[in-house]
Structure formats: structure tokens, C-alpha cells
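# Examining the three-dimensional arrangement
The primary structure of each chain is shown beneath.
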Amino acid sequence: MASNSTKSFLADAGYGEQELDANSALMELDKGLRSGKLGEQCEAVVRFPRLFQKYPFPILINSAFLKLADVFRVGMLGSLASIIPERKNAHHSIRQSLDSHDNVEVEAAVFAAANFSAQSKDFAVGICNKISEMIQGLATPVDLKLKLIPILQHMHHDAILASSARQLLQQLVTSYPSTKMVIVSLHTFTLLAASSLVDTPKQIQLLLQYLKNDPRKAVKRLAIQDLKLLANKTPHTWSKENIQALCECALQTPYDSLKLGMLSVLSTLSGTIAIKHYFSIVPGNVSSSPRSSDLVKLAQECCYHNNRGIAAHGVRVLTNITVSCQEKDLLALEQDAVFGLESLLVLCSQDDSPGAQATLKIALNCMVKLAKGRPHLSQTVVETLLTQLHSAQDAARILMCHCLAAIAMQLPVLGDGMLGDLMELYKVIGRSATDKQQELLVSLATVIFVASQKALSVEVKAVIKQQLESVSNGWTVYRIARQASRMGNHDMAKELYQSLLTQVASEHFYFWLNSLKEFSHAEQCLTGLQEENYSSALSCIAESLKFYHKGIASLTAASTPLNPLSFQCEFVKLRIDLLQAFSQLICTCNSLKTSPPPAIATTIAMTLGNDLQRCGRISNQMKQSMEEFRSLASRYGDLYQASFDADSATLRNVELQQQSCLLISHAIEALILDPESASFQEYGSTGTAHADSEYERRMMSVYNHVLEEVESLNRKYTPVSYMHTACLCNAIIALLKVPLSFQRYFFQKLQSTSIKLALSPSPRNPAEPIAVQNNQQLALKVEGVVQHGSKPGLFRKIQSVCLNVSSTLQSKSGQDYKIPIDNMTNEMEQRVEPHNDYFSTQFLLNFAILGTHNITVESSVKDANGIVWKTGPRTTIFVKSLEDPYSQQIRLQQQQAQQPLQQQQQRNAYTRF
């Protein structure tokens, strides 16, 4: 029966011949499950996920789960807790199974009770007393008690339930002092406090008490582990006394393993608000200075410890204190932090073991944080990195290059100083073609691009190209070219892409590389722009557009059905349209000189009552330009909303392009079209302190400069003057002089999210309409599956799916009847939350008008921050509305009754004639 339901569902979904594959695959797996050989059963179980991926529909999955349930029996019920959390018969079965004499059934019931308690408040409230009785009962074996206690961590649904569970755990910790019981009870205690957010400070005190007083190392390790959990989840609940007690324990313990754990907790806390609480000045207490605290004393002792992990956490604590505390007299702490980082860098950069590399990452992160928080120390940090870069292992060099790039991005002024050392190092590395050497070539080239800031010199390009020709492979060259495109070094990128064209075996790869070469060439043409030279600007833009049009043709040829390159194509099309809009606006500004207003323009303006008409046709052209830039800004906004999987840097890049369009639109309005009502408050200076890249920093600087120029000219001269047109042209040139950055999402998609929709009823042939009577409503069921790539939720996760259903009348049949306007259209929207990446909902649609209707179902998603993303897809089906038989019979009877009357009227007319 399950196979028949699967077959009918797949047939309704329009899978046609594939239904036999699904049924036969399911039957084959069922045969393996029922085999007497354990190996065949395991193989069948492992193959089920592939079946779910190929046919992700509920009826098939339910049928498969029923077959799996026959194998796993009772334990399967616990796995279904997220699907049927409020099913009362399941709750009753679990309560009964807890009293069973079969050990296997009891263990399965305990597993199910834990899962259902996490999902259902009603079940947790009902089972809490039962669990308490079993734990406190003398007849319950100790092993079973140890399995029952963790269920109490899920009693966090309300304060009363959490309080009762906490009281029971407190009794257990006191009454059962054995190591296993204390460890299980304390850990459950911590998880309950972290989930309920009630009595968290008391739990911290309890853990610190066991850490200080309990002699057992296993209990101490558990206390440290739980303190780390609470430090990550609720750092704001840590008091100064808590941190002080932990420091005292760390100072007194003779065991390095325990000291490492305690320092790990303090290291986590030092990067949160808890460090400010610790050093807050209490009235009447003068001992809150960072220099005299036990935390600083502990960190200073550990900075040079022979254990790398302890030293790393000590340096991290010192760094966080130095950055967080804004006191002036912290020179000693700053020096301690710098010296500790230097010693750790020297120690770890010579060792390529995994432990040394993990420690090195901590030290390098501290260096970036120290350079950002204390800029006057950045030069010392950079010099230390450059000095150590020559003698370090290749794996360490790669990480150090990433650190240098991060510092140079934050503090561009340091770039020129490090360029010479970087070029010297680039000449001597890369003696072999190992993976580490190739990775180092890419990392070091990235630092050089960041340090150069603007165009690369001829010497720098020659060194990079010579090194790449000697030892690099094609993939390394492509990665370096990609980095050059991201940093705006388009001349270098063009040459590298050109060198790769003959090294690919696929036609699509060739067109992809050719398009990148043309785009780089197009952006390179814009580097010749000069202020006040508007004819040259038009020539540069025209030359750039020529190469962009070649590139978009190659990019279209590079796309495939599996990889349509939709973001890339839309981004480039918008860039082309933006350049054309810039060119048109410069021509419009020049028309004030080439085609000044006629002599009667003032009379026309007075007649029409529009003072702007005295400027001639330039006023209408400016209005069209403003509308064009607003339209481009709207299209950039649509591209932003459609890029759910893009990284934050790519989205910020799209946002900057949108702001450029809005800036020019605002400048046209403020200078020419409506100077009186123009407001500059919402476009005020935003500063560049929070810019994450040099491209963003330069763009924000241009925005602020243009706004200052526009505001200074606003209402100062009567529009339209040459001052106004010059300001607009200079704004365009300033924007185009900043090299465009092609961000990561243009080349690489780290997160992949797609939605697959299935509509029912659906026709076997998509072109055929679904028949429905006009006096009935169509129940349209929409099912969907959210499909992910290898890194689901890397940048953002789906919280809910918004389904929009609309219908339009394609063709009308029959006579027109007076129908209420509410029955003529269908426009509905519903939000559903995916459950295990599956969602389902229904719509009731009305088709009162006879004819063929087009139903469109479009999906969008809402992330955890409440932002709506237009991800698609968009699915269309056709519905043919037919007249119901009863209405048709009544209409025919009325027509037959009217025929004799009409014939009699015709005979009377003939008689009169």
C-alpha cells in the first residue's frame, strides 16, 4: 500500500517514468532491511539518505520511515519527537515504557523522554514528577539513574518547572557524592541554567566552589568545561568576584592541564563585557587598576610558559585587557602584550605541527586586534611579522601573510612601508611547486595587492609575473588574478587572465576567463580619467563600454543550465547601464554649452509657470537622468535581495553601487531640479571609520566630498549654471576613478541555498490546464524542500518561507456576467516555517470567470534578522474555469424559453413591414 501511495504521488507530481525507479529502489531497500544478514541490513540503512535526496517528498519519506521503524522498533519514537512533539498517545507510550521490565525498552523510553521533553512543554511538565520519583527511588539502579538525570536539562520551559528540577539536582549533588553522579548532576545543572537563564550566577558560584574545594581532577575538569560553556553563552552574568575566584584557582593550581582550562575560560571572558565589569572602579576602592590585578599577574606569568597553549591564552588575555581598558598609563601592559606576541610568534613559526599552527592563529588574531585597538603599536607589530616572515615555515608564512593583509586593510598607511620587504621575499620563495608553496604565492601576492593600494608599479608586476612563470600552476595564477580583481588591480588581472586562456580544456572555462579579461580591460580604461577633462571622460567610458559588451557576450556563452551565472550577468549588465547613464549625464551637461536655451525660453517659462523651463531642454534631460539613476538604484536593490547566498563583502559592494546611483540622483535634484526643498540631513557624512576595505573607504570618501560640493553650491547660484554641470561631471569622474572591486561571490559561491516547489494538483503535461468548475474553489497545495550545499547556513539561515500566489485571466470564454470584483482576482500570501527543510501549505483559489487562468507561485525567504530575500523559484500552472452543469442547464432552459418569444417578435415585425 505504501508503494502504491508513492507511485500515485510521484505520478501526480509529474515524474512520469521515474516512478518505477523510486518504487523499485524502495522495494530493494526494504528487501535489504528484511535480510537475515547484518551487513545487508546496514547497507540498506546507509542507502536511505540517497533515496531521500533524490525524491524529497513526504509520502515517500513517510513510507521509508515506516520500514525503518520496523527495524529500530521503540528507539524510533524518540527520533520522531521533532515531528510529533504533541502527540498524546506517544506521550502515554513513553510513560508506560518507563515502567517496563525489559531493559532495552526502558532505555529506548529514556531516549524518547529526553527528546520529547526538549520539544514539548506539556510532556516535560507531565514527565518531570515521574522522572523525579524514579531518580529518588531506591529500586532504580544507579546506571539507570545516570541516564535519567540528563533529562532534567530540558525542564526549562517555564520558571516553576526549572526551579523544581534545580531543587532535585541540588539534592542529588549533596546526597550522591560519587564521581559519576556528581559529574552527571553538575553538567545537567549547568545545561539547565544555560537554557532557562535563571540562577546562572548561582551555578557559576557552585562550579567555582567545586573547582576550588573538590580534590578530584575529573570533577575539576568538568567544572572548567561547564564554566567555559557559561562564559561563551552568558558572559554578562559573571561578576568581578567570580573572575577573581577563578584567577586565584589558576594561580594556585600546580597542574598545567587545569591551568590551561582555567586560562581558556578567562581568555573567553576577556573578550566580552565581563572584562569591563572586572576593571570597573567601585566607589571607595582604588585597587581596580589593571596593572595591579590578579588577572594581569596571571597573564604575565603565563605569557612565557613552556606550554604553548597556556602562553597563547595568557597573551590573549593581555591583548584584550590592553584593547578594552582605555586608561592612558598602560605602557607596561602594552609592552608585555607585544613582547609576549613576539616570543610566541618566534616559537610557533618554526614549527609546522597542527598544535603550533593553532597557537599561531591565536597569536596572529591578537596582533590584528592590537593593531586596530592601539594604532601606535601597529608599526612594531608589522616589523615583527616582516622580520619573522623570512625564517618561518611555509605553513606559518601563509598565516602571517593573512595577518599582514588584515592589518594593511585596517591601516592603509602601513602598506607602502611593507611593500619593499614583501617584494624581496617574493623573489626568493617558490623554489618548488608544492601545495604550500603555491598557497604562499597566492597569500603573498594578496598582501602585495593590499599594500600597493593603487596601481602596481612596473617593477612589482615584473617580479610577480616572473615568479608565476617559473613555478606556479594555472590554478595558482587564476587565484592571484582573482585577488587582483578584488583589490582593483585590473591591469595585472587582465594580463593574468590572458595568459590562462590557452590552458583550459573546456569551452565554458575559456569563455569565463575571456569575459574576466574583457571586464578587467574595461575597468582599466577608466584609470585614464582626469578631473575637468570631460571629453576625455566620454572617450574613456565609451572605450570601457566596448570591452564590457564583449565581456557580457563571453559571460553569456560561459553559462550553463547547472551554472547559469545569474548574479554575474546581472551585476555586469547593471555596470554597463550605469556607465551609459554616466555618459549620458556628461553629454547632457555639455549640451548647456553646445545647445544653450533659446531667446524665448524665459517667455515660455513665464507662460507655463515653471521657472526651470528658461534653461531650455536641459531641464527635461536632467529629469530623465535623475529617473534613470533612481531606476538603476532600484535594480541594484533587487540584485541585493536576490543574493541570499552572497558573503557580506559582496553585499556591501552592491550596496555601494546603489548608493552611487542615489548620490548622483540626489545631486541632480539638489543642484538643478528642486534646490529649494533639497535636504542634506539624511545624506550627512557617514565617516570612514567603520569601512572594512580600501574600496569602501575610498568610495565613502568620494561620497562625502561630493555631498560637501553639492551643499556648497546649493541655492548659491541660479540653476542651471556651468558651476552646477561641472559639479555633476566631477562627481561622476570621482566615482569612476575608484577601481571597481569584483568581490568573492562573483567568482566563488561558498553557500548554496535553493528551494524546490511541488504543486498539487498539477497536470501531467505542463501546457495542459487543470479543469475546475466556476462555482467551486481550487485547493492548491504547495510543498517545498530547502536544498543546501556543502556549507548550509554559512552566512545566513532561512527562518521562514513566504509563498505568494496570484492568478491572472489569460483568455475569457462564454458571455460576460456581472461578477463581484472580489471574485475576479486571486492574490494571497502565506509564511511557513520549514521543518527539517520541508514546508507545506494550502491556498483556496476562486475562478468565477470562465476561461483560462494563469496561476503563479513565487517563493521568497526571511532570515533570522527579519530581512526578506527574493530567492525564487517562480512556478506557473494553468487552470481552465468551466461552467458548472446546473448553471449551464438553467442557462440553456432560459435560452430555449426566449427563442419562441424572439421568433414571434420577428414575425410581428415582418407583418408590420
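Quick look at the structure, then. (Residues numbered from 1 in each chain as written. Predicted model: local features only at pLDDT ≥ 70, side-chain atom pairs only at ≥ 80, totals over all residues. Heavy atoms only, no water.)

## So, the pattern of salt bridges
Test applied: Salt bridge, as applied in this entry: a Lys or Arg side-chain nitrogen positioned within 4 Å of an Asp or Glu carboxyl oxygen. Secondary structure follows DSSP: runs of H or I at least 4 residues long count as helices, runs of E at least 2 residues long count as strands, and numbering of each begins at the N terminus. Only protein chains enter the accessibility calculation, which uses a 1.4 Å probe; a residue whose area is less than 20% of its type maximum is buried, one above 50% is exposed, and one in between is partly exposed.
Evaluated as defined, the whole model comprises 24 salt bridges. Residues Lys461 and Asp491 are paired through a salt bridge, measuring 3.3 Å at the closest nitrogen-oxygen approach. Within this pair, whereas Lys461 is found in helix 25 (residues 458-471), its partner Asp491 is found in helix 27 (residues 490-500), the two being separated by 30 residues in sequence. You'll find Lys461 and Asp491 in the same group, each marked buried. Through salt bridges with shared partners, one network takes in Lys461, Lys465, Asp491 and Glu495.

## Focus: the side chain of Glu334
The line we're drawing: Any pair of nitrogen or oxygen atoms within 3.5 Å is treated as a polar contact; in protein, a donor-acceptor pairing is required on top of that, and neighbouring residues in sequence qualify only through side-chain atoms on both sides. The contact rule is simple, with two residues in contact once any of their heavy atoms fall within 4.5 Å.
The topology assignment puts Glu334 in helix 19 (residues 331-349). Engagement of the side chain of Glu334 in a polar contact is seen with the side chain of His376, the distance being 3.2 Å. In this structure, Glu334 is in contact with Thr322, Arg374, His376 and Leu377, ignoring residues within four places of it in sequence.

## Quick notes on the sheet that holds strand 3 (residues 777-788)
Definition in use: Strands were regarded as paired on the criterion that DSSP finds at least two bridges between them. Between N-to-C directions, angles cover 0 to 180 degrees, with each direction set by a line fitted to C-alpha atoms, over the stretch in contact for helices.
Read from one edge of the open sheet, 3 strands run 1-3-6, paired in antiparallel fashion. Both outer strands of the open sheet, strand 1 (753-760) and strand 6 (838-846), are each paired with one neighbouring strand and no more. On average, adjacent strands in this sheet sit at an angle of 25° to one another, irrespective of strand direction.

## Some thoughts on the side chain of Thr588
Inspection of the secondary structure assignment puts Thr588 in helix 30 (residues 566-594). According to the relative accessible area criterion, Thr588 is buried, its value standing at 2%. For Thr588, the side chain forms a polar contact with the main-chain oxygen of Gln584, separated by 2.9 Å. When sequence neighbours within four positions are dropped, the list of residues in contact with Thr588 reads Ile618, Gln621, Met622 and Ser625.

## Considering the pairing of strand 7 (residues 851-863)
Of all 13 residues in strand 7, 11 are buried; the element is thus mostly enclosed. By the bridge criterion, 13 bridges tie strand 4 (residues 798-812) to strand 7 in an arrangement that is antiparallel. Its bridge partner lying in strand 7, Leu809 is registered against His853. In this sheet, strand 8 (residues 868-869) lies alongside strand 7 in antiparallel orientation, the contact comprising 2 bridges. Bridging from a neighbouring strand, Val861 pairs with Trp869 of strand 8. Hairpin connection between strand 7 and strand 8: a loop of 4 residues separates the two successive antiparallel strands, and Gly866 in this loop has a positive phi of roughly 85°.

## Things to note about the environment of Ala581
Relative to the helices and strands, Ala581 is located in helix 30. Sequence separation between Ala581 and Glu628 is 47 residues, and the spatial gap between their C-alpha atoms is 7.1 Å.

## Things to note about the pairing of strand 9 (residues 874-882)
Each regular strand displays side chains that alternate between the two surfaces of the sheet. Judged from the 4 bridges that link them, strand 2 (residues 770-773) and strand 9 form a sheet pairing that is parallel. Paired with Ile770 across the two strands is Val879, which belongs to strand 9. Direction of pairing for strand 7 relative to strand 9: antiparallel, over a ladder of 8 bridges. By the bridge assignment, Val857 is partnered in strand 9 with Thr875.

## Quick word on unusual backbone geometry
Following Ser760, the chain continues to Pro761 via a peptide bond in cis, the omega torsion being 0°. Here Gly872 and Pro873 are connected by a cis peptide whose omega angle stands at 5°. Within the fold, Pro873 resides in the loop between strand 8 and strand 9. A positive phi angle is found at Leu565, which is not glycine, with a value near 55°. Examined against the element boundaries, Leu565 turns out to sit in the loop between helix 29 (534-558) and helix 30. Of note, Asn836 is a non-glycine position whose phi angle comes to about 55°, a positive value. Tracing the chain through its elements places Asn836 in the loop between strand 5 (826-832) and strand 6. Classification of Asn836 by relative accessible area gives exposed; the value is 57%.

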